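# Structure assessment
One-letter residues, chain by chain:
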Amino acid sequence: MEESSSNVLSSEKSGKMKRTKKRNKGEGDGDEEEEQVFNFNKPADKGDDDEDLSDSEDSVYSGLEDSGSDSEEREEGSHDDDDEDDDDEDDADGEQSQQTEDKKKGSEGEDEKKADEYEHDSSDEEDIRNTVGNIPMEWYKDFPHIGYDLDGKKIYKPIRNKDELDDFLDKMENPDYWRTVHDKQTESDIVLSDEQVELVKRLQRGQFGDVSFNEYQPSVEFFSNEVMLHPVTNRPADKRSFIPSLTEKEKVSKLVHAIKMGWIKPRRVEDDSRGRYYDLWATEDSSILAQHKMHLPAPKIPLPGHQESYNPPPEYLFTDEERALWEQQDPSDRKLPFVPKKFSSLRQVPAFPRFIHERFERCLDLYLCPRQRKMRVNVNPEDLIPKLPKPKDLQPFPTTQSLVYRGHSGLVRSISVSPSGQWLASGSDDGSVRFWEVCSSRCVKTVQVGGAVKSVAWNPNPSVCLLAVALDSVVLIVSPSLADKQVISASERLLAGQQEEEPSEGAGPVWSETEGEELSQGIRLKIQHPKAVHQVAWHAKGDYLASVMPDHSSNLQVFIHQLSRRRSQNPFRKNKGLVQCVSFHPVRPYFFVATQRSVRIYNLVKQEMTKKLQANSKWISSMAVHPGGDHVICGSYDCRLSWFDLDLSTKPYKMLRHHKKAVRGVAYHRSYPLFASASDDGSVIVCHGTVYNDLLQNPLIVPVKVLRGHVITHDLGVLDVTFHPTQPWIFSSGADATIRLFT
Amino acid sequence: MGGLQKKKFERGAATNYITRNRARKKLMLSLPDFRRLCILKGIYPHEPKHKKKVNKGSTAPRTFYLMKDIRFLLHEPIVGKFREYKIFVRKLKKAYGKTEWSTVERLRENKPTYKLDHIIKERYPSFIDALRDIDDALCMCFLFSTFARTGKCHVQTIQLCRRLTVEWMNYVIASRSLRKVFISIKGIYYQAEVMGQLITWLVPYQFSHDHPTDVDYRVMATFTEFYTTLLGFVNFRLYHSLNLLYPPKVCRAPKLIPGLQSILLFLIEQKLSALSASLARVVSSAEEEEAELDQFPEDMEKMEAREKEQKQQEAQRKMFQGLKFFLNREVPRESLAFVIRCFGGEVSWDKSICIGSTYDVTDETITHHIVDRPNIDKQYINRYYIQPQWVYDCVNAKILLPVEDYFIGVTLPPHLSPFVEEKEGDYVPPEKLKIMALQRGENPGVNEEEEEDEEEEEDDNADEEEDDEEEEEEEAEEKNLKEMEDQRSQGKSLQVKVTPGKVKVENPARLEQEEKAEEKRLAIMMMKKKEKYLYDKIMFGKKRKVREANKLAAKRKAHDDAEKAKKKKARK
């Protein structure tokens with residue numbers, strides 16, 4: 001308090017001095033006002049005394065304290081002013097200058113009691129001569145004043161007529177221009193002193209404002225780990241430090257509630273990544289194994305071959321064509337997913353561009369690709385070949401071509417061997433029937449019949465020697481007289497059987513005896529049919545003869561002729577399909593009729609159908625009946641040969657697809673277990689077919705020989721095939737106009 | 001009659017399978033989550049035997065999962081974690097939206113995580129099962145460990161992959177179980193035999209990857225997540241089987257100083273990845289004793305064969321023992337160091353390339369200096385300067401090959417794949433034959449071989465000629481006969497002439513062969529349709545193989561001929 005009072009005193013003193021000064025100024029007339037203001041702005045230009053004074057003053061103070069003390073001083077100064085204002089009404093113009101003077105004086109006064117000042121100085125307030133506060137000063141730009149002083153009186157702007165030019169001149173001429181600062185609040189320019197400039201520079205450099213301050217002086221550690229003997233402050237502890245805090249309690253209870261309700265979870269314990277692994281398979285559990293029954297492990301990636309090497313052998317590199325092909329192919333069709341490349345050294349090998357792709361595709365395969373257990377057939381192909389008895393053990397059978405019968409000029413459609421096995425008859429498209437001696441291949445007789453011969457059949461009865469020939473719509477009975485006299489006479493007798501005069505039924509065949517030249521050739525009987533005859537077949541006894549006239553539309557397809565009585569009859573009332581061929585059962589009164597897709601068996605005594613065999617082929621071409629009578633083979637134009645076991649089923653017991661082309665003829669051997677098939681591919685295949693008496697045992701069928709020899713002409717190969725009645729020989733006739741004997 | 005009519009597709013195959021979409025709905029998962037679950041649990045679609053029945057009469061292409069598998073997934077605890085994660089993301093988003101940073105922090109702290117341990121145990125009930133399936137894991141981890149930090153995956157994943165692969169390589173070195181190496185254009189294939197399982201993995205070359213845009217890295221990341229866990233457990237078990245410390249430590253490791261622990265850990269990792277130091281053991285024993293097999297008197301031959309094989313393997317393991325290698329800076333350091341150390345060699349490199357080099361270039365005891373440049377300035381006398389392929393070829397051949405073919409600047413012999421095992425009838429490149437001869441202990445000179453080849457060729461030609469002659473004779477005879485027949489058929493009288501008959505020499509062996517061939521042909525005719533089809537297919541495949549082998553042989557021959565011609569020209 002003392003100090004403040006002393007301050008007041010000093011200010012009063014300064015006030016007095018001010019007044020005197022003011023009076024001096026007051027003496028100056030009104031027009032001096034301007035000048036005064038000007039003076040205020042540039043105190044340096046003012047009287048020499050003043051300047052000196054301020055200089056000395058500045059040199060004493062260092063900036064920081066200056067500003068602080070300054071403000072305080074001024075405050076008091078203003079108090080003084082107030083007092084003064086009470087005393088004498090001063091004009092506003094003078095006041096400002098007065099203020100500055102006041103400041104100077106104040107600081108002068110301070111000079112004397114510097115030490116005291118520092119002790120008490122805690123004020124860092126702004127210069128508040130103007131009370132408008134911290135507002136943008138442009139709000140006052142339209143007013144003559146710039147704010148109010150502490151008494152609420154207007155502070156008028158100094159009258160300035162400084163324009164840009166003046167400013168510029170000032171800048172050029174005034175040596176102190178650089179240290180002049182404009183104060184917005186008071187609209188005045190202040191020239192900084194040397195000390196103040198020095199202070200600014202120090203602050204800019206980041207140094208302490210006080211020159212004398214030692215920033216490196218040893219610090220006293222008040223708060224260290226060592227417990228001090230005495231407390232830092234002497235202040236007794238607060239009461240609140242002994243009482244539990246209510247706010248804290250509230251907060252804690254909130255947290256406790258949140259934890260209880262599970263809203264806040266305790267912080268998770270971070271498990272160290274290094275200790276993450278342990279012995280997972282320490283105890284092997286077999287129970288889990290059971291879950292993996294359906295598991296199909298993914299196949300491993302195939303291992304690379306030589307092609308993938310960075311330096312492969314030269315044969316694995318692509319040639320130009322291979323490369324072009326590779327580029328053309330669709331990526332999924334390529335054999336290799338990459339082009340083999342050769343690098344002369346390891347350092348030249350680049351990164352593989354599709355590496356990540358391939359890895360990714362593997363990933364996709366692993367989780368997206370449907371898996372299936374595929375049974376890979378791991379069989380030795382040799383094991384697939386059926387084990388059959390060796391053909392060697394199944395001899396005899398024809399193996400080599402031994403004779404060729406030449407003489408026909410057209411394709412030989414049909415052949416037949418005499419029951420004695422000495423003679424062979426053949427009918428050809430050249431309109432002749434030739435008789436050959438089997439052993440010598442000599443043609444002993446030629447009968448010109450005047451038309452393409454469709455079928456020839458030797459009478460199976462050994463006591464007669466007759467041949468049935470089918471051509472156009474005629475069936476001829478020829479007696480070749482190639483036997484001893486007894487046989488010839490027997491056959492004459494048969495032919496001479498009286499003819500039953502029957503009322504001809506119009507469509508029925510007409511029997512007639514031949515005369516003249518035909519008779520001399522040996523043609524004895526002519527049976528005129530209403531349509532073209534395709535096939536003739538004898539009954540085993542040799543009295544009955546069947547002829548086939550295939551026709552879609554009528555029931556007149558088959559006739560059975562009785563030679564001894566010269567009688568013909570049509571056994572069928574209905575058309576059951578296009579008849580291909582017919583055959584008699586060798587011992588029983590059965591009659592086999594092969595239509596396009598099936599074989600019908602009729603009982604001739606009971607006059608009814610007993611069986612219908614499904615051939616499972618498109619178009620039956622030929623048929624043969626086993627001499628035992630229980631088995632039938634059918635050849636078809638779709639390259640198949642079906643074997644029927646009549647006791648077993650109506651379906652084929654076996655289908656043989658040996659031929660490449662249509663099967664034209666099939667035949668059984670009369671005594672040996674052999675059968676053969678002839679085909680358009682020019683081959684005759686001889687098979688061994690044992691038939692057992694035991695019903696439980698199925699027939700054994702083994703192909704034993706493929707016979708070749710016929711030349712394929714006009715896409716036709718072998719047309720007919722027949723066995724020798726006693727020897728294991730086979731005859732075949734072909735489209736190349738030859739007949740061949742294989743023995 | 002009577003009773004309820006059975007409805008279609010309510011029993012049998014149709015109920016055993018479920019389509020993917022239905023499975024997803026049943027599990028109440030989004031497609032990405034379902035995918036993750038399938039990858040982690042190893043669930044894959046099954047191809048039903050009868051697709052139409054399963055697809056309820058429709059033939060539309062659909063993928064089917066086994067109903068049992070999906071039911072099995074229903075009880076998976078990880079499904080719950082997926083949902084939790086979904087919720088977590090939602091909460092986090094909300095907190096972000098409200099700028100509640102404390103909530104964000106708290107949520108982040110409690111981010112739901114899951115462990116895959118139980119899944120691994122479930123998928124691989126025994127350790128051998130896990131080993132059998134580790135191929136893909138290794139390939140994937142090796143790939144990920146070469147990724148740069150490009151944001152394609154988490155940096156932690158990359159680091160973990162690197163750590164695990166380094167551990168794996170160190171194990172292979174310690175157990176000396178590497179068997180085969182193959183440098184392909186894709187990368188380097190390694191094959192190791194671990195506990196009787198052959199494990200093959202592919203390491204890409206050390207280049208930065210050109211990341212493709214059509215690859216879904218999320219799928220790969222999920223796989224990697226699973227594989228790293230698997231590989232970690234496998235490594236743990238393998239290290240313990242060798243009495244090694246896990247996580248691995250280098251022998252003679254500096255003592256840990258508390259303050260510098262993290263730096264040291266990093267250093268150890270670096271050292272490990274250098275592959276030059278041996279690992280610390282739990283029990284410091286010098287050599288493990290191998291359990292000797294008891295003698296079984298029954299099958300001596302087998303035993304002998306096995307013993308022989310074992311001896312060979314032992315020899316292979318110590319192939320590089322006593323050799324000192326030095327790697328020049330341009331060769332792939334990691335791969336070569338790995339291979340050489342696997343077979344007992346010592347290896348070092350320039351200090352500036354990598355940590356862990358053990359000796360300098362100037363070391364006089366270096367036996368092999370591996371160089372991959374056309375020439376080198378300063379050469380030391382007492383060491384071989386060879387190209388890196390020598391090391392790999394030696395490993396595959398299981399013997400030390402002659403170094404002459406691999407000197408600096410020499411054209412290298414082709415590098416062959418050790419994974420190809422030629423069966424009878426397959427094409428074998430001549431280089432392989434050469435190596436096989438070397439393995440047998442023969443030393444075929446190059447010239448000799450060529451001569452042999454030529455001789456063989458001549459023999460072949462001679463055979464062919466003989467055949468030709470015979471055929472010609474037959475043809476001539478047939479011609480004669482035909483002429484005669486023609487004449488006869490034309491009705492001309494034959495020029496009757498008696499010529500002395502020739503004795504037809506019949507080759508009984510040949511006859512027999514022919515007979516057999518015919519027998520076979522006839523038997524083939526009797527085959528059933530199904531079997532015939534199969535037989536034809538097999539025979540077609542066989543023929544194609546033969547054709548390919550012939551093609552390769554022809555190509556090689558053409559190439560060799562061209563080379564020879566070039567040489568001759570050069571000589572002239």
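Residues numbered from 1 in each chain as written. Chains lettered and ligands numbered in written order. Predicted model: local features only at pLDDT ≥ 70, side-chain atom pairs only at ≥ 80, totals over all residues. Heavy atoms only, no water.

### Focus: the overall build of chain A
Within chain A one finds 15 helices and 33 strands. Classification of the 743 residues of chain A by burial places 42% in the buried group. Pairs at least 24 residues apart make up 50% of the contacts formed inside chain A by residues separated by at least 6 positions. As displayed, chain A offers around 42,800 Å² of accessible surface, 52% of which is attributable to carbon and sulfur atoms. (Helix = DSSP H or I, 4+ residues; strand = E, 2+ residues; numbered from the N terminus. Buried < 20%, exposed > 50% of the residue type's maximum accessible area, 1.4 Å probe, protein only. Contact = heavy atoms within 4.5 Å. Areas by Shrake-Rupley, 256 points an atom, 1.4 Å probe, with all protein chains shown as cover.)

### Points about the overall build of chain B
Assigned secondary structure in chain B consists of 20 helices and nine strands. Restricting to contacts in chain B with at least 6 residues of sequence separation, those with at least 24 account for 60%. As displayed, chain B offers around 35,500 Å² of accessible surface, 51% of which is attributable to carbon and sulfur atoms.

### Focus on the interface of chain A and chain B
Taken together, the contact pairs 94 residues of chain A with 122 residues of chain B. Contact between chain A and chain B buries roughly 9,400 Å² in total, counting both sides, with carbon and sulfur atoms accounting for 63%. Our enumeration of links across chain A and chain B arrives at 14 salt bridges. Residues Glu308 of chain A and Lys186 of chain B are paired through a salt bridge, measuring 3.9 Å at the closest nitrogen-oxygen approach. Counting across the interface, chain A meets chain B through 37 residue pairs in polar contact (both at pLDDT 80 or more). Sorting the residues of the side of chain A that touches chain B by element identifies helix H10 (286-289), helix H12 (355-368), helix H13 (381-384), strand E26 (654-656) and strand E30 (700-708) of chain A as the ones contributing at least two each. With 11 residues, H12 of chain A is the largest single contributor of residues to the side of chain A that touches chain B. (Buried area = accessible area lost by both parts, 1.4 Å probe. Salt bridge = Lys/Arg side-chain N within 4 Å of Asp/Glu carboxyl O. Polar contact = N/O pair within 3.5 Å; in protein donor to acceptor, adjacent residues only side chain to side chain.)

### As for the pattern of salt bridges
Where charged atoms from two side chains of opposite charge approach closely, those side chains can pair. Summed over all chains, the structure comprises 46 salt bridges over all chains. One salt bridge connects Glu334 of chain B with Arg162 of chain B, and the closest N-O pair in it is separated by 3.0 Å. Linking Glu334 of chain B in helix H15 (residues 333-342) with Arg162 of chain B in helix H11 (residues 155-175), this pair joins segments that are 172 residues apart in sequence. Glu334 of chain B gets classed as buried once you look at its relative accessible area, which sits at 18%. Here Lys318 of chain B makes a salt bridge to Glu314 of chain B, at a shortest N to O gap of 3.9 Å. Classification of Lys318 of chain B as partly exposed rests on a relative accessible area of 44%. A relative accessible area of 33% places Glu314 of chain B in the partly exposed class. Residues joined in a network through salt bridges with shared partners are Glu315 of chain A together with Glu431, Arg556 and Asp560 of chain B.

### Description of the confidence of the model for chain B
Residues and elements named next belong to chain B. When pLDDT is averaged along chain B, the result is 83; 84% of the residues meet or exceed 70. Low pLDDT (under 50) marks residues 284-290, which in the prediction has three contacts with non-local residues, meaning those over four places away or in another chain. Here the prediction assigns the complex a pTM of 0.65, and the interface score ipTM is 0.85. (pLDDT = per-residue confidence, 0-100.)

### With respect to the packing of aromatic side chains
One pass over the full model with this rule turns up 44 aromatic pairs over all chains. Taking 5.3 Å as the distance between ring centres and 70 degrees as the angle between the ring planes, the aromatic pair formed by Tyr239 of chain B and Tyr246 of chain B counts as edge-to-face. You'll find Tyr239 of chain B and Tyr246 of chain B in the same group, each marked buried. Its end group placed over the ring of Trp326 of chain A, Arg334 of chain A keeps NZ or CZ at 3.7 Å from the ring centre. (Phe/Tyr/Trp six-rings, centres within 6.5 Å; stacked < 30°, edge-to-face > 60°. Lys NZ or Arg CZ within 6 Å of the ring centre and 35° of its normal.)

### Focus on the sheet that holds E26 of chain A
All names here are of chain A. As summarised here, the arrangement of the four strands in space is E23-E24-E25-E26, forming an open sheet in which the pairing is antiparallel. Every interior strand has two partners, whereas the edge strands, strand E23 (620-625) and E26, have only one. When strand polarity is set aside, the average angle formed by the axes of neighbouring strands in this sheet is 20 degrees. (Pairing = 2+ DSSP bridges. Axes fitted to C-alpha atoms, helices over the stretch in contact; angles between N-to-C directions.)

### Re the packing of helix H2 (residues 20-27) of chain B against helix H3 (residues 31-41) of chain B
Two quantities define a packed helix pair, namely the angle between the axes and the distance from one axis to the other. Residue and element names in this part refer to chain B. Taken N-terminus to C-terminus, the directions of H2 and H3 make an angle of 95 degrees; their axes are 10 Å apart at the nearest point. The orientation of H2 with respect to H3, classified from their angle, is roughly perpendicular. Of the residues in H3, those touching H2 at Arg20, Ala23, Arg24 and Leu27 are Leu31, Phe34 and Leu37. Of the residues that constitute the contact of H2 with H3, the class distribution is five nonpolar, no polar and two charged. (Parallel < 35°, antiparallel > 145°, perpendicular 65-115°, else oblique. Nonpolar A, V, L, I, M, F, W, Y, C, P; charged D, E, K, R; others polar.)

### A few points about the sheet that holds E30 of chain A
All names here are of chain A. Pairing in this open sheet of four strands is antiparallel, and the strands run E27-E28-E29-E30 from one edge to the other. With partners counted over all chains shown, the strands left at the sheet margins are strand E27 (663-668) and E30, one partner each. Strand-to-strand, the axes of this sheet are offset by a mean angle of 20 degrees, without reference to chain direction. In this sheet, E30 lies alongside strand E29 (residues 683-690) in antiparallel orientation, the contact comprising eight bridges. Bridging from a neighbouring strand, Thr690 pairs with Leu700 of E30.

### Let's talk about helix H12 (residues 217-241) of chain B
All names here are of chain B. An ideal rise of 1.5 Å per residue puts 36 Å on 25 residues; H12 measures up with 35 Å between its terminal C-alpha atoms. The buried count for H12 comes to 19 of 25 residues, which makes it a mostly enclosed element. Two or three places before Arg218, at the start of H12, stands the capping residue Asp216, its side-chain oxygen 3.1 Å from that residue's backbone nitrogen. Positive phi shows up at Asn243, right after H12, with a value of about 60 degrees. (Expected span 1.5 Å × (residues − 1).)

### Some details on the nonpolar core
Formed by 131 residues in total, the largest nonpolar core has its most connected members in Trp201, Phe320 and Phe338 of chain B. The leading source of residues in this core is H12 of chain B, at 13 residues. Residues Ala468, Val475, Leu494 and Trp511 of chain A belong to the second largest nonpolar core, which totals 21 residues. (Core = buried A, V, L, I, M, F, W, Y, C linked by side-chain atoms within 4.5 Å.)

### A look at a positive patch on the surface
Residue and element names in this part refer to chain B. A grouping of Arg22, Lys26, Lys56, Lys68 and Arg71 is seen on the molecular surface, where their side chains present a positively charged patch. Breaking the positive patch down by element, the ones donating at least two residues are H2 and helix H5 (67-74). Examined against the element boundaries, Lys56 turns out to sit in the loop between helix H4 (51-54) and strand E2 (64-66). (Patch = residues over 30% accessible without salt bridge, like charges linked within 9 Å, V, L, I, M, F, W, Y side chains within 5 Å. Lys, Arg positive; Asp, Glu negative; His and termini not counted. Charge placed at Lys NZ, Arg CZ, Asp CG, Glu CD.)

### Thoughts on the packing of H3 of chain B against helix H6 (residues 77-97) of chain B
Residues and elements named next belong to chain B. Across the interface, H3 lies against H6 with an axial gap of 11 Å and an inter-helix angle of 150 degrees. Regarding H3 and H6, the two cross each other, and that crossing is right-handed. Along the contact surface, H3 presents Asp33, Arg36, Leu37 and Leu40, while H6 presents Ile78, Val79 and Phe82. Of the residues that constitute the contact of H3 with H6, the class distribution is five nonpolar, no polar and two charged. (Left-handed = near helix turned anticlockwise from the far one by under 90°.)

### Observations concerning empty space enclosed by the protein
Residue and element names in this part refer to chain A. Scanning all chains against the criterion turns up six cavities of 30 Å³ or more. In this structure, the second largest cavity spans a volume of roughly 90 Å³. Lining the second largest cavity we find Asn555, Gln557, Phe572, Lys574, Asn575, Lys576, Gly577, Val579, Val593, Thr595, Arg600 and Tyr602. Where the lining of the second largest cavity is concerned, the elements lending two or more residues are strand E20 (590-595) and strand E21 (598-603). Its residues assigned to classes, the lining of the second largest cavity shows four nonpolar, five polar and three charged. (1 Å grid on protein atoms, 1.4 Å probe; cavity = no way out; pocket = protein on both sides within 12 Å on 5 of 7 lines; lining within 4 Å. Points joined across faces, edges and corners; volume = space filled by probe spheres on them.)

### Describing a nonpolar patch on the surface
Residue and element names in this part refer to chain A. A cluster of nonpolar side chains, namely Val220, Phe222, Phe223, Met228 and Val232, defines an oily patch on the protein surface of about 570 Å² accessible area. Secondary-structure assignment places Met228 in the loop between helix H8 (194-204) and helix H9 (246-260). With a relative accessible area of 41%, Met228 lands in the partly exposed category.

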